[in-house]
Amino acid sequence: MKYSKFIVPILFIGLMSCENNNKVITEVNHDDFKTIHSDFKLSSIAIENGVLLEAYKCEEKVNDVENSIPLSWQNVPDGTKSLAVVMYHYPKKDNKTEINSYLLLWGIDPKTTEVPYKMASKGHWFMGGNKDGTAISYTSPCSRGKGKHEYTIALYALSETPATLPKKHSLDVNYNVFMNALDTVNIIDRTTLTFIDSN
């Protein structure tokens, strides 16, 4: 079969437009995962009664980097060799084909019990790109649309750190890269913290 000389440029333009689209099309989610160990819990002083406090919204950007949300957890299950964290939001509410991710952390020692405020990029673990893929950073919720916007933070207890994830901070790690990597190891447990940002 012969191909027109115009196909390659058109395909290239199409790829470029996809790369510039900041909304990720989901490949994997674990929303139906039921926490196995009821005492494995994730919390944050930034969240009160299921609502994100004003002081932690719309953090100031400095070179596209923002202060990260404080997180803490307890009762990591026995056998856990590594922890990972993802924070995400479905911009179309009941449509889970698109997703925005705000925090991607992996390679966390299971003896660790918290990520202090502003410290997500400074611990002994690794971090992926922010929501727009422009910096190694957390992205704080800053919903402009009217109504309630639900966000989920998931903490994973893993059998090991996925070998497919780099042993360094990386902009190449987005939501799908992260989630596909988690599917290569045994997920011992998953606990979540869900909150609302409303206008």
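That block above? That's the structure.
First, a word on scope: everything that follows refers to the structure included in this document. (Residues numbered from 1 in each chain as written. Predicted model: local features only at pLDDT ≥ 70, side-chain atom pairs only at ≥ 80, totals over all residues. Heavy atoms only, no water.)

1. Points about the overall build of the protein chain
A tally of helices and strands in the protein chain yields two helices and eleven strands. Tracing the protein chain from N to C terminus, the helices and strands come up as α-β-β-β-β-β-β-β-β-β-β-α-β. Split into buried and exposed, the 199 residues of the protein chain put 43% on the buried side. Considering only intrachain contacts with a sequence separation of at least 6, the fraction spanning at least 24 residues in the protein chain is 77%. (Helix = DSSP H or I, 4+ residues; strand = E, 2+ residues; numbered from the N terminus. Buried < 20%, exposed > 50% of the residue type's maximum accessible area, 1.4 Å probe, protein only. Contact = heavy atoms within 4.5 Å.)

2. A short note on the side chain of S137
Looking at where S137 falls in the secondary structure, it is placed in the loop between β9 (126-127) and β10 (148-158). Under the relative-accessibility criterion, S137 is labelled buried at 1%. Polar side-chain contacts of S137 include one of 3.0 Å to the backbone nitrogen of E66. Ignoring sequence-local partners within four residues, the contact set of S137 consists of D64, V65, E66, Y102, M127, G128, G129 and N130. (Polar contact = N/O pair within 3.5 Å; in protein donor to acceptor, adjacent residues only side chain to side chain.)

3. Some remarks on the side chain of S82
Inspection of the secondary structure assignment puts S82 in strand β6 (residues 82-89). For S82, the side chain forms a polar contact with the side chain of T161, separated by 2.7 Å.

4. Here's the deal with the pairing of β6
Within β6, eight of the eight residues are buried, which leaves it mostly tucked inside the rest of the structure. The alternating pattern of β6 places S82, A84, V86 and Y88 and L83, V85, M87 and H89 on opposite faces, both of which are buried. In the sheet, β6 pairs with strand β7 (residues 98-108) via six bridges, with the strands oriented antiparallel. Its bridge partner being in β7, V86 is matched across the sheet by L104. (Pairing = 2+ DSSP bridges.)

5. A short note on unusual backbone geometry
Positive phi is not limited to glycine here, since N49 has a value of about 55 degrees. For N49, the location among the structural elements is in the loop between β3 (47-48) and β4 (51-52).

6. A look at the state of the cysteines
Throughout this description, disulfide means a covalent bond between two cysteine sulfur atoms. A complete count under the given rule lists one disulfide for this structure. Between C58 and C142 runs a disulfide, and the two sulfur atoms are separated by 2.0 Å. Negative torsions about the S-S bond denote left-handed disulfides, and the value of about 100 degrees found for C58 with C142 makes this one right-handed. Placement of C58 in the loop between β4 and β5 (71-74) and of C142 in the loop between β9 and β10 is noted, with a sequence separation of 84 residues between them. By relative accessible area, C58 is classed as partly exposed at 42%. (Disulfide = S-S within 2.5 Å.)

7. A short note on the sheet that holds strand β8 (residues 114-115)
The sheet built from three strands is open, its strands ordered β2-β5-β8 with antiparallel pairing. The outermost strands of the open sheet, each flanked by one partner alone, are β2 (41-43) and β8. Sheet analysis places β5 next to β8, joined by two bridges and oriented antiparallel. Residue pairing across strands places L71 opposite V115, the latter belonging to β8.

8. Regarding the nonpolar core
Membership of the largest hydrophobic core comes to 28 residues, with the highest contact counts inside it found for L71, L103, L105 and I153. Listed by contribution, the elements that provide at least two residues to this core are β5, β6, β7, β10 and β11 (187-198). If near-sequence neighbours (up to four positions away) are discounted, L71 is found in contact with L42, S43, S44, V85, L103, E114, V115 and I153. Core analysis: the next-biggest nonpolar cluster, separate from the first, contains 21 residues, A84, A154, L165 and A181 among them. (Core = buried A, V, L, I, M, F, W, Y, C linked by side-chain atoms within 4.5 Å.)

9. Considerations on helix α2 (residues 175-182)
Of all eight residues in α2, six are buried, a share of seventy percent or more. The complete set of buried residues in α2 reads Y175, N176, F178, M179, A181 and L182. In this fold, the buried residues of α2 make contact with β1 (24-25), β6, β7, β10 and β11. Two to three positions downstream of the cap, the backbone nitrogen of N176 sits 3.2 Å from a side-chain oxygen, assigning the N-cap of α2 to N174.

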